[in-house]
Amino acid sequence: MRTSGGQDGVPPEAPGAPRTPRGLPARREPPRPDGAGVLPDDLPDGLVVADARGRVVCFNAAAARITALPREEALGRPVEQVLPLEDLRGRRWWKVTDPYGGLAIRTGQPERNLLLPGGREVLVSARYVRARPAGPVQRLVVTLRGTEARRRTERGNAELIATVAHELRSPLTSVKGFTATLLAKWERFTDDQKRLMLETVDADADRVTRLITELLDISRIDSGRLEIHRQPVDMAAAVERHVRAHIAAGRPEERFARRIVTPLPPLWADPDKIDQVLGNLLENAVRHGEGTVTIEVAPARTKTGDEGTAVTVSDEGPGIPEESMSRVFTRFWRGSKRGGTGLGLYIVKGIVEAHGGVITVGRSSAGGAEFRFTLPAGVPAFMA
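Residues numbered from 1 in each chain as written. Predicted model: local features only at pLDDT ≥ 70, side-chain atom pairs only at ≥ 80, totals over all residues. Heavy atoms only, no water.

**With respect to the overall build of the protein chain**
The cut-off we apply is this: The secondary structure listing takes helices from DSSP runs of H or I that are at least 4 residues long and strands from runs of E that are at least 2 residues long, numbered from the N terminus. Exposure categories follow from relative accessible area, calculated using a 1.4 Å probe and restricted to protein chains: below 20% of the type maximum is buried, above 50% is exposed, and the middle band is partly exposed. Note on contacts: a residue pair is in contact if any heavy atoms of the two residues lie within 4.5 Å. For every accessible area listed, the method is Shrake-Rupley and the probe measures 1.4 Å; residues are considered covered only by the protein chains on display.
Within the protein chain one finds 9 helices and 12 strands. The buried share of the protein chain, reckoned over its 384 residues, is 36%. Of the contacts formed within the protein chain by residues at least 6 apart in sequence, a portion of 57% connects residues at least 24 apart. When the accessible surface of the protein chain is totalled, it reaches about 23200 Å², and 53% of it is carbon and sulfur.

**Section: the sheet that holds strand 4 (residues 120–130)**
Selection rule: Strand pairing is assigned whenever DSSP detects at least two bridges linking the two strands. For every element, the axis is a line fit to its C-alpha atoms; helices are fit only across the contacting stretch, and the angle between N-to-C directions ranges from 0 to 180 degrees.
Strand order in the open sheet made by the 5 strands is 2-1-5-4-3, with antiparallel pairing throughout. Single-partner strands in this sheet number two, and they are strand 2 (56–59) and strand 3 (108–116). The mean inter-strand angle of the sheet, taken between neighbouring strand axes irrespective of direction, is 20°. Bridge count for strand 4 against strand 5 (residues 137–146) is 9 bridges, and the pairing is antiparallel. Within strand 5, the position partnered with Val122 by the bridge is Gly146.

**Some words on the packing of helix 8 (residues 271–288) against helix 9 (residues 344–354)**
For clarity, the threshold we go by: Crossings are classed by handedness, with left-handed meaning an anticlockwise turn of the near helix from the far one by less than a right angle and right-handed meaning a clockwise turn. The classification used treats Ala, Val, Leu, Ile, Met, Phe, Trp, Tyr, Cys and Pro as nonpolar, Asp, Glu, Lys and Arg as charged, and all other residues, Gly among them, as polar.
Interaxial distance between helix 8 and helix 9 falls to 10 Å at its minimum, and their mutual angle equals 145°. The element helix 8 and its partner helix 9 pack so that their crossing is left-handed. Mapping the contact onto sequence places Lys273, Gln276, Val277, Asn280, Leu281 and Asn284 in helix 8 and Gly344, Leu345, Ile347, Val348, Ile351 and Val352 in helix 9. Here the contact of helix 8 with helix 9 is composed, by residue class, of 7 nonpolar, 4 polar and 1 charged.

**Regarding the sheet that holds strand 10 (residues 307–314)**
Taken in spatial order, the 5 strands line up as 7-9-10-12-11 in an open sheet, and their pairing is mixed. Each end of this open sheet is capped by a strand with a single partner; those strands are strand 7 (256–260) and strand 11 (358–363). Adjacent strand axes in the sheet meet at a mean angle of 15°, parallel and antiparallel pairs treated alike. The pairing of strand 11 with strand 12 (residues 369–376) spans 6 bridges and is antiparallel. Along strand 12, the bridge assignment pairs Ile359 with Phe373. Along the sheet, helix 8 contacts strand 7, strand 9 (293–301), strand 10 and strand 12; its crossing angle with strand 12, the most-contacted strand, is approximately 170°.

**Some remarks on unusual backbone geometry**
A cis amide bond, omega 0°, links Thr262 with the succeeding residue Pro263. For Pro263, the position within the fold is in the loop between strand 7 and strand 8 (268–269). Its identity is not glycine, yet Asp98 carries a phi of approximately 45°, on the positive side. As for its position among the elements, Asp98 is in the loop between helix 4 (93–97) and strand 3.

**Topic: the pattern of salt bridges**
This is how it is decided: For this document, the term salt bridge refers to a Lys or Arg side-chain nitrogen within 4 Å of an Asp or Glu carboxyl oxygen.
Counting across every chain of the model gives 13 salt bridges. Between Lys349 and Glu353 there is a salt bridge, and its shortest N-O distance comes to 2.7 Å. Of this pair, Lys349 and Glu353 both sit in helix 9, 4 residues apart, which is roughly one turn of that helix. Glu353 gets classed as partly exposed once you look at its relative accessible area, which sits at 43%. Connected through salt bridges with shared partners, the residues Glu240, Arg244, Glu253 and Arg258 form a single ionic network.

**Quick look at the packing of aromatic side chains**
For clarity, the cut-off: Whether two aromatic rings pair depends on their centres lying within 6.5 Å, for rings of Phe, Tyr and Trp, where Trp uses its six-membered ring; planes under 30 degrees apart make the pair stacked, over 60 edge-to-face, and the rest tilted.
If you walk through the whole model with that rule in mind, you get 2 aromatic pairs. Taking 4.9 Å as the distance between ring centres and 65° as the angle between the ring planes, the aromatic pair formed by Trp93 and Trp94 counts as edge-to-face. Each member of the pair, Trp93 as well as Trp94, is classed as buried.

**Considering the pairing of strand 2**
Both strand 1 (residues 46–50) and strand 2 contribute to a ladder of 3 bridges, which runs antiparallel. Of the residues in strand 2, the one forming a bridge with Val49 is Cys58.

**Focus on the nonpolar core**
Convention followed: For this analysis, a nonpolar core means a set of buried residues of the types Ala, Val, Leu, Ile, Met, Phe, Trp, Tyr and Cys, connected via side-chain atoms within 4.5 Å.
Core analysis: the biggest nonpolar cluster contains 45 residues, and Met235, Ile295 and Phe373 have the highest contact counts within it. Listed by contribution, the elements that provide at least two residues to this core are helix 5 (148–184), helix 6 (191–223), helix 7 (235–248), helix 8, strand 9, strand 10, helix 9 and strand 12. The biggest single contributor to this core is helix 8, with 7 residues. With residues up to four places along the chain from it excluded, the contact list for Ile295 reads Val239, Val243, Phe256, Ala257, Arg258, Arg259, Leu282, Val311, Thr312 and Val313. With 24 residues, the next largest nonpolar core counts Ala50, Ala74, Leu85 and Val124 among its residues.

**With respect to the confidence of the model for the protein chain**
As a note on interpretation, predicted positions should not be read in detail where pLDDT is low. For the record, the criterion: pLDDT is a per-residue confidence score from the predictor, ranging from 0 to 100.
Scored by pLDDT, the protein chain has a mean of 85; 87% of the residues are at 70 or more. When mean pLDDT is compared element by element in the protein chain, strand 2 scores highest at 96, while helix 5 scores lowest at 82. A low-confidence stretch, residues 1–33 stays under pLDDT 50, and its non-local contacts, those more than four residues away or across chains, total 13 contacts.

Written as structure tokens, this is what we have:
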């Protein structure tokens with residue numbers, strides 16, 4: 001039995017359909033992912049592909065999310081209708097670029113900010129696929145990216161620059177003022193006055209050095225290049241050393257309580273980085289907390305169930321509000337009290353995670369803030 005328009009139940013071929021060398025219609029293969037097994041919906045960015053006639057033949061899930069247009073409404077329609085893009089001056093992007101009728105030597109469009117209906121910004125780039133150089137466009141490939149992540153990065157960088165400028169201005173002004181005064185009127189000052197000025201300059205120079213160190217640490221943390229030089233670390237001795245430094249600086253000894261649970265597992269870590277973590281957490285507890293500052297060191301299990309060491313620093317102050325808990329380890333968080341760069345806890349988190357550890361914040365049994373970080377125990381893999 002023959003069906004209408006074809007033989008043996010096979011539908012008629014469209015005009016111009018591909019055929020084999022013997023003249024038989026070529027069997028159509030289902031669409032397949034590329035050699036890496038990646039499908040359009042697997043891509044994190046929006047992907048829109050138009051054919052030689054400018055009709056959309058691919059519209060992935062990310063494109064649907066960014067444009068708020070269902071895939072079914074996009075497929076088969078002219079690309080300029082699916083993506084009615086305008087530049088920041090209000091000009092129609094497709095009319096300006098004219099991918100199908102413009103210069104045949106063009107290969108695409110670089111990424112730029114464009115506007116979707118409603119004024120939503122999107123980052124757009126395009127690629128013109130030609131079968132031969134200077135030939136007609138066979139496919140137009142457009143990628144779309146939301147601007148939220150870039151905007152957050154730009155705001156973060158702007159805040160960082162503003163914070164650094166503010167923090168540098170004060171010590172550098174002091175250094176410049178005292179050195180200029182000493183150079184101009186050296187003979188007029190007594191030895192005690194000169195010593196006081198030079199000590200102030202020295203302290204301000206240390207402040208600038210600390211700020212530069214913080215900036216370098218942030219750069220390395222953000223880029224994943226924070227280097228860890230592991231050595232055996234005695235955590236109990238490190239805690240005692242930091243407490244003694246605070247007492248030597250004039251703080252009463254009774255303000256500190258140490259609880260060491262032994263035996264502690266062997267710990268290989270970067271001693272300088274661990275000192276940085278302990279110094280920051282103790283300084284925060286002393287400066288922003290109240291009452292007794294308790295430091296506890298004890299064996300613990302890591303998030304993977306392996307052996308590790310946990311250090312808990314808590315105080316008896318008002319603590320951190322619940323609504324601020326999620327922002328404690330972000331850049332520029334300073335809590336209710338101003339002062340400092342607000343970068344210390346962000347760096348602390350980066351150092352702990354670079355060691356394979358975890359740090360958390362909560363409320364202590366006395367009502368104050370409690371910071372707890374856990375580091376995995378054991379020797380490095382190259383020594384195992």
